[in-house]
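Residues per chain are reported as follows:
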Amino acid sequence: MSQLLIEGRRCLNGELFVQGAKNSVLPILASTVLCKGECIIHNCPELSDVEVTISILEYLGCRVKREGNTITVNSDGIDKDDVPDFLMREMRSSIIFLGALISRIGKVRLSLPGGCELGPRPIDLHIDALKQMGLKVDESHGFMDCETVGRLIGTNIVLSFPSVGATENIILAAVLANGTTTITNAAREPEICDLAEFLNSCGARISGIGESTIIIEGVDNLFGTEHTVIPDRIAAVSYMCVAAVTSGEIILRNTIYDHIGAIIPIFEEAGCMVTNLGEGILKLEAPERPYANKLIRTMPYPGFPTDAQAPVMAMTTVAFGTSMFVENIFESRYKHVGELMRLGADIKVESKVAIVEGVKCLSGASVTATDLRGGAALVIAALAAEGITEIKGLKYIDRGYENIENNLCNLGAKVKRI
Ligand code: UD1
């Protein structure tokens, strides 16, 4: 089992290129099953979740080729209508294959996604919406057998919460459906826009992209295309936190400033100077010690993203003053708190609220990541801690951060994977 050894308290400076967005590339790769011919997807990060998605595509009968950060998929040879249980369990976002396969072959057998490190992650919104479009679902023995007679039928769907995954599944189901589908209270995350732009370039007719009402006119066929995945806004924010806790100065290339609009004021409140240098380049200059953030509430986009909560909390553990977090999206998204406290952080959690009293210095210890962004929080805290921190549970971090130790070493960190 590999671990990261991090020697903290070094000032980190330099430049790095932000990877492609994990939450874009996964649904885009899944949606290649809808296309005739070849899809060429650029800026695909090397992540374990991407490898699982490729394994699912290969299992289904797609031809997949990876050359560096470009993945080419040809799904003409699909000859399966199920996703095996072990692959479903590897990555819960594999539920996106529901909409994709129903659209492509009208039939799919999936196991129910299991419990999750972020608390229960139900899929009721996905299923209810697809049922409204004509999907029949038979649930037994932990499997869902889903089928549609003929094509799905476009309809008006009102989501009670703007779920990212449900919005994506409905879009995938609707692009080849009969008639028009309208999603009201759709999620507006940039990764959904990226998926919709990709599908439109394959011949889909999706409008209202980035708005809370999305309209999808079903078409008969989709064709292969070439697409570049957007930059990963959460990876960008994580590296901004790295600079903020190490009195660093960092230049990030391949960013979209608007996508992190709700997060920039958090860094400014912490005393960092953030400059948009244009052409996707962002500079952050950190003070000697960050200031606390009075109140951070996680919200659906364009609000403060739940995925940035743990990394930003790591930043506040060493800030001057008291910070408060309210986690509104996931029930159990404070699992990193106990591990941050092993490093000397002073945090109290009561239900959705976490109060962080900044301490002057953390001290290195042995800690374990239990989820992706919580793992990133431990890396950030370790970089601020006196002495050596040993981080286990790297499989979570590797799900979402490409080349994390190389990136950090290039900024001047002492990080070793053993
Ligand atoms: C996606 C992201 C994840 C991010 C999350 C919220 C991917 C691969 N993952 O996850 O990184 O943290 O959006 O921005 O893109 N819910 C229901 N019923 C449903 C669906 C969701 O109750 O059918 C609830 C969830 O339990 C959760 C909330 O809605 O409390 C948000 O979930 P959702 O937006 O669906 O997140 P994911 O798509 O799973």
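Model, not experiment: these values are computed from the prediction.

Conventions and cut-offs
- Residues numbered from 1 in each chain as written.
- Predicted model: local features only at pLDDT ≥ 70, side-chain atom pairs only at ≥ 80, totals over all residues.
- Heavy atoms only, no water.
- Domains from an automatic or database assignment.
- Contact = heavy atoms within 4.5 Å.
- Buried area = accessible area lost by both parts, 1.4 Å probe.
- Salt bridge = Lys/Arg side-chain N within 4 Å of Asp/Glu carboxyl O.
- Polar contact = N/O pair within 3.5 Å; in protein donor to acceptor, adjacent residues only side chain to side chain.
- Nonpolar A, V, L, I, M, F, W, Y, C, P; charged D, E, K, R; others polar.
- Helix = DSSP H or I, 4+ residues; strand = E, 2+ residues; numbered from the N terminus.
- Buried < 20%, exposed > 50% of the residue type's maximum accessible area, 1.4 Å probe, protein only.
- Core = buried A, V, L, I, M, F, W, Y, C linked by side-chain atoms within 4.5 Å.
- Near = heavy atom within 4 Å.
- Areas by Shrake-Rupley, 256 points an atom, 1.4 Å probe, with all protein chains shown as cover.
- Pairing = 2+ DSSP bridges.
- Axes fitted to C-alpha atoms, helices over the stretch in contact; angles between N-to-C directions.

Chemist: So what exactly am I meant to see when it comes to the domain arrangement of the protein here?
Modeler: Accessible area lost during the coming together of the parts is what is often quoted as the interface size. Domain annotation of the protein identifies domain 1 (4-19 + 231-417) and domain 2 (22-228). Inter-centroid distance (C-alpha atoms) of domain 1 to domain 2 is 30 Å. Each partner contributes residues to the interface: domain 1 has 26 residues there, and domain 2 has 21 residues. Summing both partners gives a buried area of about 1900 Å² for domain 1 against domain 2, and 52% of it is carried by carbon and sulfur. Area buried by domain 1 at its contact with domain 2 is led by Y301, R399 and E402, which between them contribute 32% of it. Scanning the region where domain 1 abuts domain 2 turns up two salt bridges. Our count for the contact surface shared by domain 1 and domain 2 stands at seven residue pairs in polar contact (both at pLDDT 80 or more). Each residue belonging to the side of domain 1 that touches domain 2 can be placed in one class, and the counts come to eight nonpolar, six polar and 12 charged.

Chemist: So what exactly am I meant to see when it comes to the pattern of salt bridges here?
Modeler: Using the criterion set out here, one finds 21 salt bridges in the structure. With a closest N to O distance of 3.6 Å, R66 and E51 form a salt bridge. Of the two residues, R66 is situated in strand β5 (residues 63-67) and E51 in helix α2 (residues 48-60); the sequence distance between them amounts to 15 residues. For D398, the salt bridge identified is with R417, shortest N-O distance 2.9 Å. With a gap of 19 residues between them, D398 in the loop between α13 (394-397) and α14 (404-410) and R417 in strand β27 (residues 414-417) connect regions that are remote in the sequence. Since its relative accessible area comes to 22%, D398 is described here as partly exposed. Take R417: its relative accessible area is 32%, and that puts it in the partly exposed class. One network of salt bridges, in which partners are shared, links K22, D49 and R399.

Chemist: For this particular structure, what's the right way to read the nonpolar core?
Modeler: Here is a general trend for soluble globular proteins: nonpolar side chains tend to be buried in one another's company. Counting residues in hydrophobic clusters, the biggest one holds 75 residues, and the most contacted among them are V33, F97, L98, V175, L199 and L222. With residues near it in sequence (within four places) discarded, V33 still touches L57, L60, C62, S75, I78, F97, A100, L101 and R104. I234, V356, L362 and L383 belong to the second largest nonpolar core, which has 71 residues in total.

Chemist: Can you walk me through the site of the ligand in this structure?
Modeler: Lining the immediate environment of the ligand, one finds 18 residues, of which D124, L125, S163, D307 and I329 sit closest. The separation between an oxygen atom of the ligand and a polar main-chain atom of P122 is 3.2 Å. Within the backbone of V164, a nitrogen or oxygen atom sits 2.8 Å from an oxygen atom of the ligand. Protein coverage of the free-state accessible area of the ligand, which is 740 Å², stands at 83%. When residues of the shell around the ligand are traced back to their parent elements, those giving at least two are α5 (124-132) and α6 (164-174). Per element, the largest residue contribution to the shell around the ligand is three residues, and it comes from α5. Along the lines of polarity and charge, the residues of the shell around the ligand split into eight nonpolar, six polar and four charged. Each of domain 1 (4-19 + 231-417) and domain 2 (22-228) accounts for three or more of the residues forming the shell around the ligand.

Chemist: When you look at the sheet that holds strand β22 (residues 353-357) in this model, what are you seeing that I'm missing?
Modeler: Strand pairing in a sheet relies on backbone hydrogen bonds, with the paired strands running either antiparallel or parallel. Judged by pairing direction, the sheet is mixed, and its four strands sit side by side in the order β19-β20-β22-β21 without closing on themselves. Lying at the two open borders of the sheet, with one neighbouring strand each, are β19 (296-297) and β21 (346-350). Where strand β20 (residues 322-326) and β22 come together, five bridges link them in antiparallel fashion. Note that in β22 the partner of S323 across the bridge is V356. Together, β19, β20, β21 and β22 form the strand contacts of helix α10 (residues 309-316), whose direction differs from that of β20 by roughly 165°.

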